[in-house]
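# Report on the structure
Chain by chain, the residues run as shown.
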Amino acid sequence: GIFAMEFGKVTAGFDITRQRVIMNPRWNRAYGKGSGETNWDGALNDGKSRGNEPYFCPRGWKRFAVQFDESAYDFENVYDKWPI
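Residues numbered from 1 in each chain as written. Predicted model: local features only at pLDDT ≥ 70, side-chain atom pairs only at ≥ 80, totals over all residues. Heavy atoms only, no water.

### Brief notes about the pattern of salt bridges
Taken as a whole, this structure holds two salt bridges when the rule is applied. A salt bridge links Asp-41 to Arg-59, with the shortest nitrogen-to-oxygen separation between them at 2.8 Å. A residue pair is termed long-range when its members are at least 10 positions apart, and Asp-41 in the loop between strand E3 (29-30) and strand E4 (62-63) and Arg-59 in the loop between E3 and E4 qualify at 18 residues. Taking the relative accessible area as the measure of exposure, Asp-41 reaches 61% and is therefore exposed. Here Asp-46 ties to Arg-50 by a salt bridge, and the two come within 2.6 Å at their closest N and O atoms. You can call Arg-50 buried: its relative accessible area is 11%. (Salt bridge = Lys/Arg side-chain N within 4 Å of Asp/Glu carboxyl O. Helix = DSSP H or I, 4+ residues; strand = E, 2+ residues; numbered from the N terminus. Buried < 20%, exposed > 50% of the residue type's maximum accessible area, 1.4 Å probe, protein only.)

### As for the environment of Arg-59
According to the relative accessible area criterion, Arg-59 is partly exposed, its value standing at 38%. When the C-alpha atoms of Arg-59 and Thr-38 are compared, they prove to be 8.5 Å apart, with 21 residues separating the residues in sequence. Ignoring anything within four residues of it in the chain, the contact list for Arg-59 reads Tyr-31, Gly-32, Lys-33, Asn-39, Trp-40 and Asp-41. A polar atom in the side chain of Arg-59 sits 2.9 Å from the backbone oxygen of Trp-40. (Contact = heavy atoms within 4.5 Å. Polar contact = N/O pair within 3.5 Å; in protein donor to acceptor, adjacent residues only side chain to side chain.)

That's the geometry; what it means functionally is another story.
Encoded structure:
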């Protein structure tokens, strides 16, 4: 299922007064070499900028997917140069 919540005024770099956040387990990931985990060796070569920094598999980490309402925030352009 999809979990949604709304926040009031956010102060961590967002220039909006109300933001809808959707938690979608479809995009959650566990990184590692175990069964069902996402894994790769060496630097990821997926064509994204990532601030021109190499990006290696964060083994042992878990990612919980958050999707901001697209009409309110342009995530792709704001974070394109970040090494994430």
